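Chain by chain, the residues:
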Amino acid sequence: MDLQLLRPATPTRCFNHPDRPALAICVDCRRPVCQACSTLWEGIHCCVDCLAKRRAAVGERRDTLRLTLLTLGTFALLAGATILRVWIGAVLAEVF
Amino acid sequence: MIRTRLTTGAVLDAAVDLVSRRLPGPAGLLILTSLPLRFLEAWLANRLIQLGDDASDHVSYLTSLSLLVSAALIPAIWGRAVFARSCALALSAGGEGFHRLPLRDRLRLPLAGFLSYLYAATFFELLFIATEWTLVAIPVLALLTGLAAATSPLEDRPGFFASLLRVARNARPLGVLAGLTTVFLFALPVAFINLSALFQILVWAAGLMTGATDSWWQAALSWYNQQFVILAVAGAMLLVEPFWIASLVVTVRQARARQSGEDLAAWFDALRNRGQEEVA
């Protein structure tokens, strides 16, 4: 057995803090991060930048969903206005 | 230091200055985009009056007309949003700053903001249709619809209730808003009288030049012609709308500036610049 393979690996340093040892590797960008820089997102480690990107993506999906629901709501209101305009118009025309 | 009160007269002066001197182009765009809506509404009203008791027998025809009115509402709302944004930009950047923007940027609206405003405008349109028969609700809903347009440049996050709450939060000062609503309630019949008188004068002048009297046009463009009266009402609304929206944008901006202290900061900057100019 090659004894060199049993040699312990050189401790990796944090990408943002070279004086600190890295705790984990960011799953998205593969950079080593220390405890302060790492956040668990759904069970996986993310660095600060990748965490911000994931949060922005979730925010965009929520906004897209809200906009879609708003558009559907607007079309429903327009349909209601179309029918109500005729109904009330006909009633008023008959009354007056 | 005494802060001058926000008055209806001051708002109207600022609005007239905006529409007639600084933003005639966007005001023209607002009128152009509202033209199809107003004329289709006039057409539908005229048909309902003509049908009278038989209106319920022509539901499919009236529904197709109403559908055209609803379709014409969308470009009209876009025109209002562009105009309100132009007013807001002109008030913050100054007229010259606004005119330096490329035309595409002046016409472009943020999608989320526009969809939020479209939703709020359609909601108030539905409420207006449901309550117009009460007559009392007409000025209230005209005010809410105008405030929805005036606050559309402030839209940032889309939401079912966010747009409506934004209108409610910016509905101040109530005294100025009530004053503006009263002024424009009188302005509409004045605009109607002026517009119909203008047509009468044009027909009379044409009669003088051609020598024809008692022409078909004199009968068509008189107050005895129901279609002409309805069209003149639509025309009066088109003429008054830019001033109405501009007044509300000015009111909302000034009320917000007073609440945040932005007006005092602008006043100090103006004083400082004047002082520096005098020293120089």
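Each value, and the rule that gives it
Residues numbered from 1 in each chain as written. Chains lettered and ligands numbered in written order. Predicted model: local features only at pLDDT ≥ 70, side-chain atom pairs only at ≥ 80, totals over all residues. Heavy atoms only, no water. Helix = DSSP H or I, 4+ residues; strand = E, 2+ residues; numbered from the N terminus. Buried < 20%, exposed > 50% of the residue type's maximum accessible area, 1.4 Å probe, protein only. Contact = heavy atoms within 4.5 Å. Areas by Shrake-Rupley, 256 points an atom, 1.4 Å probe, with all protein chains shown as cover. Axes fitted to C-alpha atoms, helices over the stretch in contact; angles between N-to-C directions. Parallel < 35°, antiparallel > 145°, perpendicular 65-115°, else oblique. Nonpolar A, V, L, I, M, F, W, Y, C, P; charged D, E, K, R; others polar. Buried area = accessible area lost by both parts, 1.4 Å probe. Salt bridge = Lys/Arg side-chain N within 4 Å of Asp/Glu carboxyl O. Polar contact = N/O pair within 3.5 Å; in protein donor to acceptor, adjacent residues only side chain to side chain. Phe/Tyr/Trp six-rings, centres within 6.5 Å; stacked < 30°, edge-to-face > 60°. Lys NZ or Arg CZ within 6 Å of the ring centre and 35° of its normal. Core = buried A, V, L, I, M, F, W, Y, C linked by side-chain atoms within 4.5 Å. Expected span 1.5 Å × (residues − 1). Arc of directions from axis to C-beta. pLDDT = per-residue confidence, 0-100.

Undergrad: What am I meant to see in the overall build of chain B here?
TA: Across its full length, chain B holds 11 helices and zero strands. Within chain B, the proportion of its 280 residues that are buried is 40%. Counted over contacts in chain B with a minimum sequence separation of 6, partners at least 24 positions apart contribute 79%. Summed over its atoms, the accessible surface of chain B is roughly 15000 Å², and 68% of this surface lies on carbon and sulfur atoms.

Undergrad: Teacher, can you tell me more about the overall build of chain A here?
TA: Along chain A, the regular secondary structure elements total one helix and four strands. Counting only residues that meet the buried cut, chain A has 29% of its 96 residues in that class. Restricting to contacts in chain A with at least 6 residues of sequence separation, those with at least 24 account for 3%. Carbon and sulfur atoms make up 62% of the accessible area of chain A, which totals about 6800 Å².

Undergrad: What is the right way to read the packing of helix α5 (residues 111–131) of chain B against helix α7 (residues 162–169) of chain B from this model?
TA: How two helices pack is summed up by the angle between their axes together with the distance between the axes. Residues and elements named next belong to chain B. Two elements in contact, α5 and α7, have axes separated by 8 Å at closest approach and are oriented at 75 degrees. Taken together, the axes of α5 and α7 lie roughly perpendicular to each other. Where α5 approaches α7, its residues S116, Y119, A120, F123 and F124 are matched on the opposing element by S163, L164 and V167. Its residues assigned to classes, the contact of α5 with α7 comprises six nonpolar, two polar and no charged.

Undergrad: Could you clarify how one ought to interpret the interface of chain A and chain B in this entry?
TA: How big an interface is tends to be expressed through the accessible area that disappears when the partners come together. Opposite the 22 residues of chain A that make contact, chain B presents 32 residues. Both sides of the chain A and chain B interface together cover about 2500 Å² of buried area, and 75% of this is carbon and sulfur. A per-residue breakdown of the area chain A buries against chain B is headed by L70, L77 and R85 of chain A, which together make up 27% of the total. Here chain A and chain B share one salt bridge between them. R85 of chain A is the salt-bridge partner of E125 of chain B, the closest N and O atoms lying 3.6 Å from each other. Counting the contacts that link chain A with chain B gives five residue pairs in polar contact (both at pLDDT 80 or more). Taken together, the residues of the side of chain A that touches chain B break down into 12 nonpolar, six polar and four charged.

Undergrad: Sorry if this is basic, but what is going on with the pattern of salt bridges here?
TA: When their charged atoms lie close together, side chains carrying opposite charge are able to pair. Residue and element names in this part refer to chain B. Per the stated rule, a full pass over the model turns up eight salt bridges over all chains. Residues E41 and R38 are paired through a salt bridge, measuring 3.0 Å at the closest nitrogen-oxygen approach. Of the two residues, E41 and R38 both sit in helix α2 (residues 24–51), three residues apart, roughly one turn of that helix. For R38, a relative accessible area of 11% corresponds to the buried category.

Undergrad: Would you mind showing me how to read the packing of aromatic side chains here?
TA: For any two aromatic rings, the description comes down to two numbers: the centre-to-centre distance and the angle of the planes. Tallied over the full model, the rule gives four aromatic pairs over all chains. Centre to centre, the rings of F192 of chain B and W223 of chain B are 5.6 Å apart; their planes meet at 25 degrees, and the pair counts as stacked. Placement of the pair is F192 of chain B in helix α8 (residues 174–210) and W223 of chain B in the loop between α9 (216–220) and α10 (226–260), with a sequence separation of 31 residues. Plain terms: the ring middles of F199 of chain B and F228 of chain B are 5.9 Å apart, the flat faces sit at 90 degrees to each other, and that makes the pair edge-to-face. Here the residue F199 of chain B occupies a position in helix α8, and F228 of chain B occupies one in helix α10, the gap between them amounting to 29 residues. Looking at F199 of chain B, the relative accessible area reads 34%, which means it is partly exposed. The lysine or arginine in question, R31 of chain A, covers the ring of F15 of chain A, its NZ or CZ lying 4.3 Å from the ring centre.

Undergrad: Before we go on, may I ask you to explain unusual backbone geometry in this structure?
TA: As a rule of thumb, non-glycine residues mostly have phi less than zero, and peptide bonds are mostly trans rather than cis. P173 of chain B follows R172 of chain B through a cis peptide bond whose omega is -5 degrees. Considering the arrangement of structural elements, one finds P173 of chain B in the loop between α7 and α8. If you check the backbone angles, R30 of chain A has positive phi at about 65 degrees while not being a glycine. With respect to the helices, strands and loops of the structure, R30 of chain A is situated in the loop between β1 (24–25) and β2 (32–33). Not every positive phi belongs to a glycine, and L135 of chain B is a case in point at roughly 65 degrees. By the element assignment, L135 of chain B lies in the loop between α5 and α6 (137–150).

Undergrad: Can you walk me through the nonpolar core in this structure?
TA: One recurring pattern in soluble globular proteins: nonpolar side chains tend to sit buried together. Residues F83, I245 and L248 of chain B are the most contacted members of the largest nonpolar core, which totals 66 residues. At 13 residues, helix α3 (residues 59–100) of chain B tops the list of elements feeding residues into this core. When residues no more than four places from it in sequence are discounted, the contact partners of I245 of chain B are L30, R80, F83, A84 and A149 of chain B. Counting residues in each nonpolar core, the second largest holds seven residues, with C14, V33, C37 and C47 of chain A among its members.

Undergrad: How should helix α1 (residues 8–22) of chain B be read in this particular structure?
TA: Along an α-helix, residues three or four positions apart point the same way, because every turn accommodates 3.6 residues. All names here are of chain B. Across its 15 residues, α1 extends 20 Å between first and last C-alpha, which sits within 8% of the 21 Å expected from 1.5 Å per residue. All of the buried residues along α1 are T8, V11, A15, L18 and V19. The buried residues of α1 occupy an angular sector of 95 degrees when the element is viewed end-on, so they sit on one face. Exposed residues on α1 whose side chains face more than 90 degrees from its buried face are D13 and R21.

Undergrad: Would you mind showing me how to read the confidence of the model for chain A here?
TA: Caution applies to low-pLDDT regions: their predicted coordinates should not be interpreted in detail. For chain A, per-residue confidence averages 82 on the pLDDT scale, and 89% of positions sit at 70 or higher. Least confident of the elements in chain A is strand β3 (residues 39–41) of chain A, whose mean pLDDT is 83; most confident is β2 of chain A, at 88.

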